Amino acid sequence: MKAWEKAGYPVIKDGAEQQRAVADKNKDSDTRPVYTRPQAKKSVNLALQGGGAHGAFTWGVLDRLLEDEHIQIEAISGTSAGAMNAVVIADGLMQDGKEGARRALRKFWKAVSDAAQYSPIKRMPVNLISGNWNLDNSPGYLLFGLLGQLASPYLLNPLNINPLRCLLERQVNFERVRSCDLMKLFVAATNVKTGRVRVFQRPELTLDMIMASACLPQLFQAVEINGEAFWDGGYMGNPVLYPFAYNCTSRDVIIVQTNPVQRDEIPRNAQEIINRVNEITFNGALMKELRAIEFVGRLLDKESIDPVHYKKMLIHVINAEKELKPLNASSKQNAEWSFLLHLFHIGRKTAAAWLDKNYVHLGNQSSVELRSLFQ
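Bear in mind the structure is a predicted one, so any value in this text is a computation, not a measurement.

## Comments concerning the overall build of the protein
The number of helices and strands found in the protein is 15 helices and 8 strands. Across the 375 residues in the protein, those meeting the buried criterion constitute 47%. Restricting the contact set of the protein to residue pairs at least 6 apart, pairs at least 24 apart contribute 76%. With an accessible surface of roughly 18,900 Å², the protein has 55% of that area assigned to carbon and sulfur atoms.

Put into structure tokens, the structure is as follows:
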């Protein structure tokens with residue numbers, strides 16, 4: 001018996017599970033009821049991390065959450081690939097509701113894969129045969145990595161060409177995104193001069209703001225917006241959580257995690273060390289926010305601060321550490337359609353299992369022990 005059944009909460013059955021339930025009903029004379037979840041929707045906020053191609057895992061999670069009629073998304077905070085997923089959802093919602101959002105996500109990730117067909121960064125035959133999705137042995141990956149350490153993008157890419165910018169411009173209508181009153185959007189970028197996070201909100205979102213959120217300084221020139229230069233938002237918020245406390249009604253925050261916090265192995269070679277440093281850096285700001293949320297929550301429980309001015313946030317995490325563990329940083333540049341679909345299915349399966357186990361907690365309590373995330 002699953003957690004929500006023990007607590008007295010029914011569950012909706014769909015797909016193959018629904019078919020089995022119907023078969024059981026027709027077969028047994030003492031038919032068992034097919035449980036359904038309570039009809040009231042639960043409102044949540046989504047925090048989407050960046051991670052290059054690993055954003056396809058987030059696509060799978062989003063597809064499953066959008067499919068669930070009892071989940072209502074109030075707001076999304078996204079960085080880099082998370083920001084791209086967010087604006088694609090908003091654009092799709094305005095076209096045809098949740099189904100439109102699901103179609104838009106699939107169309108976007110297929111376009112990413114199609115655009116990467118001619119990229120020199122590809123898996124070696126030995127990796128294709130062994131089913132290894134990483135690009136460690138790819139000459140293209142190694143060459144671009146070396147060039148990125150020796151020269152800046154201002155020298156290597158003076159025209160500042162970014163194929164992803166053209167792709168996003170074709171796939172997303174930003175006028176529709178700005179007019180999407182069905183959800184709030186928060187996109188983080190890092191101000192190069194001040195080192196502070198800048199959070200762009202839905203009514204002002206432009207293509208430049210999304211590209212700023214995804215601007216890795218080793219690969220691309222800083223994105224200028226209103227005279228200010230910006231780099232990837234992951235340095236100061238991957239993603240940011242505080243806008244939910246100030247701008248949203250729902251207390252539930254579901255973090256869709258693509259960057260591992262913990263690694264069992266000690267990095268030995270130069271590339272492994274660089275990759276691990278990036279992972280720690282891109283998780284640093286999130287850990288600080290989670291620590292602050294846990295601290296405020298404890299003070300509220302002790303009635304040490306005024307609940308009128310502070311809100312206890314309920315934190316949830318959807319990740320697939322076991323399945324994604326074999327993937328290293330190089331796989332974030334692998335945009336093969338088979339790989340993106342692989343990540344998508346992992347995301348859907350993980351989200352479905354998470355809903356089965358934790359739907360009951362939404363609106364009531366965090367489904368993770370917050371201290372375990374940063375201690």
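From this point, the discussion proceeds with the structure in view.
## Digging into the pairing of strand β7 (residues 252-256)
Counting buried residues in β7 gives 5 out of 5 residues, a clear majority hidden from the surface. The side-chain alternation of β7 yields two buried faces, one formed by Asp-252, Ile-254 and Val-256 and the other by Val-253 and Ile-255. Bridging between β7 and strand β8 (residues 314-318) involves 5 bridges; their strand directions are parallel. Among the inter-strand pairings, Asp-252 is bridged to a residue of β8, identified as Leu-314. Handedness of the crossover joining β7 and β8 through helix α12 (residues 270-301) is recorded here as right-handed.

## Structural notes on the packing of helix α3 (residues 55-67) against helix α14 (residues 337-358)
A pair of packed helices is captured by two measures, namely the crossing angle of their axes and the spacing between those axes. Packing of α3 against α14 brings their axes to within 6 Å, and their N-to-C directions diverge by 45°. Between α3 and α14, the angle is such that the two are oblique. Here the hand of the crossing between α3 and α14 comes out right-handed. For the pair formed by α3 and α14, the contact residues are Ala-56, Phe-57, Trp-59, Gly-60, Val-61, Asp-63, Arg-64, Leu-65 and Glu-67 on the first element and Trp-337, Leu-340, Leu-341, Leu-343, Phe-344, Ile-346, Gly-347, Arg-348, Thr-350, Ala-351, Ala-352 and Leu-355 on the second. Class assignment of the residues belonging to the contact of α3 with α14 gives a composition of 14 nonpolar, 3 polar and 4 charged.

## Observations concerning α12
Helix length check: α12, at 32 residues, gives a terminal C-alpha distance of 46 Å against a target of 46 Å (1.5 Å per residue), a fit within 8%. For α12, the N-terminal cap is Asn-269; the gap from its side-chain oxygen to the backbone nitrogen of Glu-272 is 2.7 Å. Just downstream of α12, Glu-303 is the residue with a positive phi angle, here 60°.

## Description of the pattern of salt bridges
Tallied over the full model, the rule gives 19 salt bridges. The closest approach of N and O atoms between Asp-208 and Arg-165, which form a salt bridge, is 2.7 Å. Here the residue Asp-208 occupies a position in helix α10 (residues 207-213), and Arg-165 occupies one in helix α8 (residues 163-171), the gap between them amounting to 43 residues. Through salt bridges with shared partners, a single ionic network connects Asp-63, Arg-64, Glu-67, Asp-68, Glu-99, Arg-102 and Arg-348.

## Focus on a nonpolar patch on the surface
On the surface, Leu-143, Phe-144, Leu-147, Leu-155 and Leu-156 cluster together to form a nonpolar patch covering roughly 470 Å² of accessible area. Locating Leu-143 in the fold gives a position in helix α6 (residues 139-150).

## Quick notes on unusual backbone geometry
Put simply, Asn-238 and Pro-239 share a cis peptide bond, and its omega is -5°. Along the chain, the position of Pro-239 falls in the loop between β6 (228-232) and α11 (242-247). Backbone geometry at Ser-80 places phi at a positive 55°, although glycine is not the residue there. Within the fold, Ser-80 resides in the loop between β2 (71-78) and α4 (81-115). Judged by its relative accessible area of 12%, Ser-80 is buried. If you check the backbone angles, Glu-303 has positive phi at about 60° while not being a glycine. Considering the arrangement of structural elements, one finds Glu-303 in the loop between α12 and β8.

## Topic: the environment of Thr-281
In this fold, Thr-281 is placed in helix α12. Classification of Thr-281 by relative accessible area gives partly exposed; the value is 32%. Taking C-alpha positions, Thr-281 is 8.0 Å from Gly-234, a pair spaced 47 residues apart along the chain. Contacts of Thr-281, omitting those with residues within four sequence positions, involve Gly-234 and Tyr-235.

## Topic: the nonpolar core
One recurring pattern in soluble globular proteins is that nonpolar side chains are buried together. If you look at the biggest cluster of nonpolar residues, it comprises 71 residues, and the most contacted ones within it are Leu-46, Ile-76, Ile-89, Leu-168, Leu-185, Leu-205 and Ile-210. Ranked by residue count, the leading element in this core is α4, at 15 residues. Counting residues in each nonpolar core, the second largest holds 20 residues, with Ile-255, Ile-315, Val-317 and Leu-370 among its members.

## Let's talk about the packing of aromatic side chains
We describe a pair of aromatic rings using the distance from one ring centre to the other and the angle between the two ring planes. Tallied over the entire structure, the rule returns 8 aromatic pairs. Ring geometry for Phe-186 and Phe-244: centres 6.0 Å apart, planes at 80°, overall edge-to-face. Within this pair, whereas Phe-186 is found in strand β3 (residues 184-191), its partner Phe-244 is found in helix α11, the two being separated by 58 residues in sequence. Exposure remark for Phe-186: the relative accessible area of 1% places this residue in the buried category. A ring pair is formed by Tyr-242 and Tyr-246, whose centres lie 6.4 Å apart and whose planes are at 70°; its orientation type is edge-to-face. Highlighted residues: Tyr-242 and Tyr-246, both in helix α11, separated by 4 residues, approximately one helical turn. Overall, the relative accessible area of 35% leaves Tyr-242 in the partly exposed class. For Lys-42, the ring lying beneath its charged end belongs to Tyr-359, and the centroid distance is 4.5 Å.

Calculation rules
Residues numbered from 1 in each chain as written. Predicted model: local features only at pLDDT ≥ 70, side-chain atom pairs only at ≥ 80, totals over all residues. Heavy atoms only, no water. Helix = DSSP H or I, 4+ residues; strand = E, 2+ residues; numbered from the N terminus. Buried < 20%, exposed > 50% of the residue type's maximum accessible area, 1.4 Å probe, protein only. Contact = heavy atoms within 4.5 Å. Areas by Shrake-Rupley, 256 points an atom, 1.4 Å probe, with all protein chains shown as cover. Pairing = 2+ DSSP bridges. Right-handed = clockwise from strand over helix to strand, strands pointing away. Axes fitted to C-alpha atoms, helices over the stretch in contact; angles between N-to-C directions. Parallel < 35°, antiparallel > 145°, perpendicular 65-115°, else oblique. Left-handed = near helix turned anticlockwise from the far one by under 90°. Nonpolar A, V, L, I, M, F, W, Y, C, P; charged D, E, K, R; others polar. Expected span 1.5 Å × (residues − 1). Polar contact = N/O pair within 3.5 Å; in protein donor to acceptor, adjacent residues only side chain to side chain. Salt bridge = Lys/Arg side-chain N within 4 Å of Asp/Glu carboxyl O. Patch = residues over 30% accessible without salt bridge, like charges linked within 9 Å, V, L, I, M, F, W, Y side chains within 5 Å. Core = buried A, V, L, I, M, F, W, Y, C linked by side-chain atoms within 4.5 Å. Phe/Tyr/Trp six-rings, centres within 6.5 Å; stacked < 30°, edge-to-face > 60°. Lys NZ or Arg CZ within 6 Å of the ring centre and 35° of its normal.

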